[in-house]
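# Architecture at a glance
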Amino acid sequence: MHEFYENPLCGRYADEEMKRLFSDDVKFSTWRRLWLVLAESEQELGLPITDEQLGEMRAHLTDIDYDAAARHEHEVRHDVMAHVLTFGECCPTARPIIHLGATSCYVGDNTDVIRMRDGLLLIRRLLLSAIDALAAFADEHAAMPTLAYTHFQAAQPTTVGKRSCLWINDLIFDLQQLDFQLSELKLLGCKGTTGTSASFLALFDGDAEKAEALEARIAEKLGFSACQAVSGQTYSRKADFAVLQVLSGIAQSASKFATDIRLLSHLKEFDEPFESGQIGSSAMAYKRNPMRSERICSLARYLICDVQNAAVTASTQWLERTLDDSANRRISIPEAFLCADAVLNLVINVARGMKVYGAVVEKHLRDELPFMATENILMYCVRARGGDRQTLHEAIRKHSVAAAQQVKQFGRENDLMERIAADPLFGLSREELDAIADPAAFTGMAERQCRRYLAETVRPLLEENKNLLGAKAEINV
């Protein structure tokens, strides 16, 4: 098994359920199911297909002889016909009516749509579990003040919980996009070689209503509301782009989350999960690298780029059909789903196990807070002590410059508060200064926004989907 290349998405990253969905077993058993549904619907609409033929097909939906299919494909150089012949060998009575009126895209394209639908449902479950994990974290840390950053430079404080809501908000946006695409996803149906349904019109002796009813029955049996209203031999490849764009959006959100964790890990404010025997570096034994977050970013980058395959494929289709989409789609669509699966499992794993170091968070906030508190100090001294604003402003400016010099030039602690407390111009005790510079007074509505967002947006969503929560989110390495 180690002799030949194996896709790492299968060997290292993706979960079993998603790998199974894009397996040969699911693909070719779905082909057979589509042939059965076609035959059932044709019988219901009056074609001479017997119950015995249908029963024979039902009995052989999953017992696929891959060796026989390979022999046939080597001879006929056509994967669909190879499987038509293989299915016919185990269904000799049904052999004459298998694939009746259909073209290859009937099984190929419809199977792709079915698997994309089922893949989106798996991704949806993971998205909800990621939102749930981050919501629990946000709720726990809703009131914890932390230094916020713009341009990765110290800025007005926020809370750890409010920052987490930004991650949640991105994922909920992705969920909304996913639900929209699920609602819009349609089967190709059975439209024949150029999308005109000519072969089925002929089968029904020119009865257009029966040809249309055939598609409606197939869609209903396979759990879809409708088939594409118009198509060539294939459905528009823009549908693939729309689906992969959802997965790309998830990758963007996950990468943003993971990048934030990597930055906060560098500041020693956060740690992602780290097992007792885990090794951070083969050379530096002390290292504790955020490797899971780095892996999220790495896989997300691949997924963000993969969507370009669907974009280029959609833009280069010729008239009613060309075949330069086929080989690309065999790779790009399954890998997009496998990659999204791996990314979300990692997000859930990190979100459920990440740790905040409150003392470090507080230290970083305290280091910067004296500068942020100067306006409040100024206002307090003017209002409560009747001080002269301009005189006090100039004194604060000088003390701030001196304190900043101590920090930047000499690596010392920020002593701005000590300087102000020692200046009789202000007449403030250290206790008064500490009360004015209470971190909670500088986070604005962050805690309120966090709790309101969780209560009004997140929890109703999770409650509505509570039966889908609890994904295991196991990672392989």
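Described in the following lines is the structure provided in the data block.

The rules we used
Residues numbered from 1 in each chain as written. Predicted model: local features only at pLDDT ≥ 70, side-chain atom pairs only at ≥ 80, totals over all residues. Heavy atoms only, no water. Helix = DSSP H or I, 4+ residues; strand = E, 2+ residues; numbered from the N terminus. Buried < 20%, exposed > 50% of the residue type's maximum accessible area, 1.4 Å probe, protein only. Contact = heavy atoms within 4.5 Å. 1 Å grid on protein atoms, 1.4 Å probe; cavity = no way out; pocket = protein on both sides within 12 Å on 5 of 7 lines; lining within 4 Å. Points joined across faces, edges and corners; volume = space filled by probe spheres on them. Nonpolar A, V, L, I, M, F, W, Y, C, P; charged D, E, K, R; others polar. Salt bridge = Lys/Arg side-chain N within 4 Å of Asp/Glu carboxyl O.

## Quick word on the side chain of H99
With respect to the helices and strands, H99 occurs in the loop between α6 (79–90) and α7 (104–140). Look at H99 and you get buried, because its relative accessible area is 13%. Every residue in contact with H99, bar those within four places of it in the chain, is listed here: W35, L38, V80, V84 and S104.

## Let's talk about the layout of surface pockets
What the largest pocket holds in volume is close to 850 Å³. What lines the largest pocket is a set of 34 residues, and nearest its centre among them are K27, D79, D112, S326 and R330. Only α3 (24–44), α6, α7 and α13 (326–353) provide two or more residues apiece to the lining of the largest pocket. Looking at the lining of the largest pocket residue by residue, the classes come out as 12 nonpolar, 8 polar and 14 charged. A volume near 350 Å³ is recorded for the second largest pocket. If you trace the second largest pocket, you find 16 residues lining it, with A154, H364, D367, E368 and V407 closest to the centre.

## Topic: the pattern of salt bridges
According to the stated counting rule, one finds 28 salt bridges in the structure shown. Between E17 and R125 there is a salt bridge, with the nearest N and O atoms lying 2.6 Å from each other. Placement of E17 in helix α2 (residues 16–21) and of R125 in helix α7 is noted, with a sequence separation of 108 residues between them. Note on R125: relative accessible area 31%, which makes it partly exposed. We note a salt bridge from D367 to K363, for which the minimum N-O separation is 3.0 Å. Of this pair, D367 and K363 both sit in helix α14 (residues 358–385), 4 residues apart, which is roughly one turn of that helix. Because the salt bridges share partners, they merge into one network encompassing E40, E44, R58, R217 and K221.

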